[in-house]
Amino acid sequence: MPENIDLPLFLAAFGILAALAGLAGAITTLLVKDRAKHRKRLERVSKRRFGGRLEVDDMRLTLARVEEGSGPLERLTMLLARVIPLLDTDRLQASLTRAGLKLTTGGFVLWSCVIALVPVLPAFFIFDLPLMGLVPVSLVFGMIAMNAFVAFRGDVMSNRFLKQLPDALDTIIRGIRSGLPVIECIASAGEEGITPLGPHFRSVTERVQLGEPLESALWRVARVVGKPEVDFFAVTISIQMETGGSLSEALGNLAELLRRREHMKLKIKAISSEAKASALIIGFLPFGMLGLLLGVSPDYVMPLFTDTRGRIMLAVGFTSIAMGGYIMWRMTQFEI
């Protein structure tokens, strides 16, 4: 290390970081409070809805996995599994399936190691930090980043599925009104659909041809996609098969609801575009100014990288920028 750390300055920086983290946590809690209530309500409804239809293996496909035990060790393992996905390989495979990635657990670890090199190289060569201490921290960072990417891609694929679902429902409705069985209508929609809806509907058709009940095959898709609209689609067909009723009318109402929700999302995106642009500009300004000063007067900026106090200031600045960007991003996310 170049020199000893100034203790008062370090304590002050630590206090600022703690205050910023507390403020960010409070704001984030307020932002996600309503969404958490909504998800808990859906989870309660889904627990009552299963009713023995799904087997244990199918239950593991759900990303909001129900706790299988109440012991402290099991709760600790499930908590750590959100940070280290390898502790829950079933959840990891479900996430990869939802994201449409043909990756094994070994591939996930390999990409995590590649991502782990991003913080290791600058920390070792620029900040002269010990390599042995950086390796475990960077590996955890790599797994968290890779897991976040898989979750993000899963959300993208699920939203893309919902955009394609109204047109597929129209195809199913036309087939039902013409007198075709439901499974043939789903097969026709799967042949016309593209990724990700097409493969999911084709998998339903293949499972039914192999002898699996239609409602069970639909619940598999619903658990992978993880959206309430797909759950309602499975519920509608299940109820119609048990009690009868106008399936085409129910599916038509669902298609209209999906189109209205998509229209509302576009309105929200247009309204929040100004806030997103402001967040991007404000977040880019510090890095742009740092690059400009490095090009104009590098001797003026280099103490930030060579002096311990400058490194602490950089850490505080990067942390505050990251928390601010996250808060502004959460403020532009709406639950419809």
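Treat the numbers as computed from the prediction; the structure is a model and nothing was measured.

With respect to the secondary-structure elements, isoleucine 144 resides in helix 6 (residues 131–177). Isoleucine 144 gets classed as partly exposed once you look at its relative accessible area, which sits at 39%. Each C-alpha atom, one on isoleucine 144 and one on isoleucine 84, is 6.9 Å from the other, the two residues being 60 residues apart in sequence.

This part takes up the packing of helix 9 (residues 214–225) against helix 10 (residues 228–243). Closest axis-to-axis distance for the helix 9/helix 10 pair is 8 Å, and the angle between their directions is 170 degrees. When the axis of helix 9 is compared with that of helix 10, the two are roughly antiparallel. On helix 10, the residues touching Leu214, Glu215, Leu218, Trp219, Ala222, Arg223 and Val225 of helix 9 are Val230, Asp231, Phe233, Ala234, Val235, Ile237, Ser238 and Met241. Here the contact of helix 9 with helix 10 is composed, by residue class, of 11 nonpolar, one polar and three charged.

Turning next to unusual backbone geometry. Across the junction of threonine 195 and proline 196, the peptide omega takes the value 5 degrees, indicating a cis bond. Structurally, the position occupied by proline 196 is in the loop between helix 7 (182–192) and helix 8 (197–209).

Take the nonpolar core next. In this structure, Leu169, Ile172, Ile186, Phe201 and Phe233 are the most contacted members of the largest nonpolar core, which totals 30 residues. Sorting the residues of this core by element identifies helix 6, helix 7, helix 8, helix 9, helix 10 and helix 11 (247–271) as the ones contributing at least two each. Ignoring sequence-local partners within four residues, the contact set of leucine 169 consists of Phe233, Leu251, Leu254, Ala255 and Leu258. In this structure, Leu92, Leu96, Phe108 and Val150 belong to the second largest nonpolar core, which totals seven residues.

The next thing to look at is a positive patch on the surface. On the surface, a cluster of positive charge is contributed by Arg160, Lys163, Lys265, Lys269 and Lys276. Among the elements of the structure, helix 6 and helix 11 are those that each provide at least two residues to the positive patch. As for its position among the elements, lysine 265 is in helix 11. Since its relative accessible area comes to 31%, lysine 265 is described here as partly exposed.

Attention now goes to the confidence of the model for the protein chain. Per-residue pLDDT for the protein chain averages 78, and the proportion of residues at 70 or more is 73%. Per-element confidence in the protein chain ranges from a low mean pLDDT of 44 for helix 2 (residues 56–59) to a high of 93 for helix 8. Here residues 45–70 is modelled with pLDDT under 50, and outside its nearest four sequence neighbours on either side it reaches 38 contacts, counting other chains as well.

Per the stated rule, a full pass over the model turns up four aromatic pairs. Between the aromatic rings of phenylalanine 161 and phenylalanine 201, the centroid separation amounts to 6.2 Å while the plane-to-plane angle is 75 degrees, which identifies the pairing as edge-to-face. Of the two residues, phenylalanine 161 is situated in helix 6 and phenylalanine 201 in helix 8; the sequence distance between them amounts to 40 residues. When its relative accessible area of 1% is taken as the criterion, phenylalanine 161 is described as buried. On the numbers, 6.1 Å between centres and 15 degrees between planes, the contact of phenylalanine 201 with phenylalanine 233 is stacked.

What follows is about the side chain of serine 272. With respect to the element layout, serine 272 can be found in the loop between helix 11 and helix 12 (273–296). The class for serine 272 is buried, based on a relative accessible area of 6%. Those residues in contact with serine 272 that sit more than four places away from it in its chain are Thr332 and Phe334.

Because an α-helix completes one turn every 3.6 residues, residues spaced three or four positions apart along the sequence face the same direction. Among the residues of helix 4 (residues 89–99), those classed as buried are Leu92, Ala94, Ser95, Leu96, Arg98 and Ala99. Once helix 4 finishes, glycine 100 follows within two positions and takes phi at roughly 70 degrees, a positive value.

The exposure class of phenylalanine 201 is buried, given its relative accessible area of 2%. Counting along the chain gives 18 residues from phenylalanine 201 to isoleucine 183, while the straight-line C-alpha distance between them is 9.7 Å.

A few words now on a nonpolar patch on the surface. A cluster of nonpolar side chains, Leu110, Trp111 and Val114, forms an exposed patch at the surface whose accessible area comes to about 320 Å². Summarising the element assignment, valine 114 is placed in helix 5 (residues 105–125).

For helix 9, with 12 residues, the first-to-last C-alpha span of 17 Å sits near the 16 Å given by 1.5 Å per residue. Of all 12 residues making up helix 9, 11 are buried, and the element is well covered by its neighbours. When we look at burial in helix 9, the residues that qualify are Leu214, Glu215, Ser216, Ala217, Leu218, Trp219, Val221, Ala222, Arg223, Val224 and Val225. With its phi angle positive at about 70 degrees, glycine 226 sits one or two positions after the end of helix 9.

Attention now goes to the pattern of salt bridges. Following the criterion strictly, the structure yields nine salt bridges and no others. Ionic pairing is found between arginine 259 and aspartate 167, a salt bridge with its closest N-O pair at 3.3 Å. Of the two residues, arginine 259 sits in helix 11 while aspartate 167 sits in helix 6, which places them 92 residues apart along the sequence. Taking the shortest distance from any N to any O, the salt bridge between arginine 260 and glutamate 256 comes out at 3.3 Å. Taken together, the residues span about one helical turn, with arginine 260 and glutamate 256 both in helix 11 at a distance of four residues. Residue arginine 260 is classed as exposed on the basis of its relative accessible area, which comes to 58%. One connected set of salt bridges, linked through shared partners, spans Asp167, Asp170 and Arg259.

Thresholds, definitions, all that
- Starting from 1, residues in each chain are numbered consecutively following that chain's sequence as written.
- This being a predicted model, a pLDDT of at least 70 is required before a residue's local features are given, and a value of 80 or more before pairs of side-chain atoms are given or counted; all residues contribute to the totals for chains, interfaces and linings.
- The side-chain numbers reported here are obtained from all heavy atoms of the structure, hydrogens and water having been left aside.
- Think of it this way: any DSSP run of H or I at least four residues long counts as a helix, any run of E at least two long counts as a strand, and we number them from the N terminus.
- Exposure classes here rest on a 1.4 Å probe applied to the protein chains alone. A residue is buried below 20% of its type maximum, exposed above 50%, and partly exposed in between.
- An axis is simply a line fitted to the C-alpha atoms; with a helix, the fit covers only the stretch in contact. Between two such axes, the angle follows the N-to-C directions and lies from 0 to 180 degrees.
- Any angle between 65 and 115 degrees counts as roughly perpendicular, while under 35 counts as roughly parallel, over 145 as roughly antiparallel, and the rest as oblique.
- In this analysis, two residues are considered to be in contact whenever any of their non-hydrogen atoms come within 4.5 Å of each other.
- Residues are grouped as follows: Ala, Val, Leu, Ile, Met, Phe, Trp, Tyr, Cys and Pro are nonpolar; Asp, Glu, Lys and Arg are charged; all remaining types, including Gly, are polar.
- We define the nonpolar core as a collection of buried residues of types Ala, Val, Leu, Ile, Met, Phe, Trp, Tyr and Cys that are connected through side-chain atoms lying within 4.5 Å of one another.
- Residues with no salt bridge and a relative accessible area higher than 30% make up the patches, which join like charges within 9 Å and nonpolar side chains (Val, Leu, Ile, Met, Phe, Trp, Tyr) within 5 Å.
- All accessible areas in this document rest on Shrake-Rupley with a 1.4 Å probe, and a residue is counted as covered only by the protein chains that are shown.
- What makes a salt bridge here is a side-chain nitrogen of Lys or Arg within 4 Å of a carboxyl oxygen of Asp or Glu, nothing more.
- For this count, His and the chain ends are skipped, Lys and Arg are scored as positive, and Asp and Glu as negative.
- Note that the charge is assigned to NZ on lysines, CZ on arginines, CG on aspartates and CD on glutamates.
- One number per residue, pLDDT, summarises how confident the predictor is, and it ranges from 0 to 100.
- Geometry of aromatic contacts follows a simple scheme: Phe, Tyr and Trp rings, the Trp one being its six-membered ring, pair when their centres are within 6.5 Å, and the pair is stacked under 30 degrees between planes, edge-to-face over 60, tilted otherwise.
- One less than the number of residues in a helix, times 1.5 Å, gives the span that helix is expected to have.

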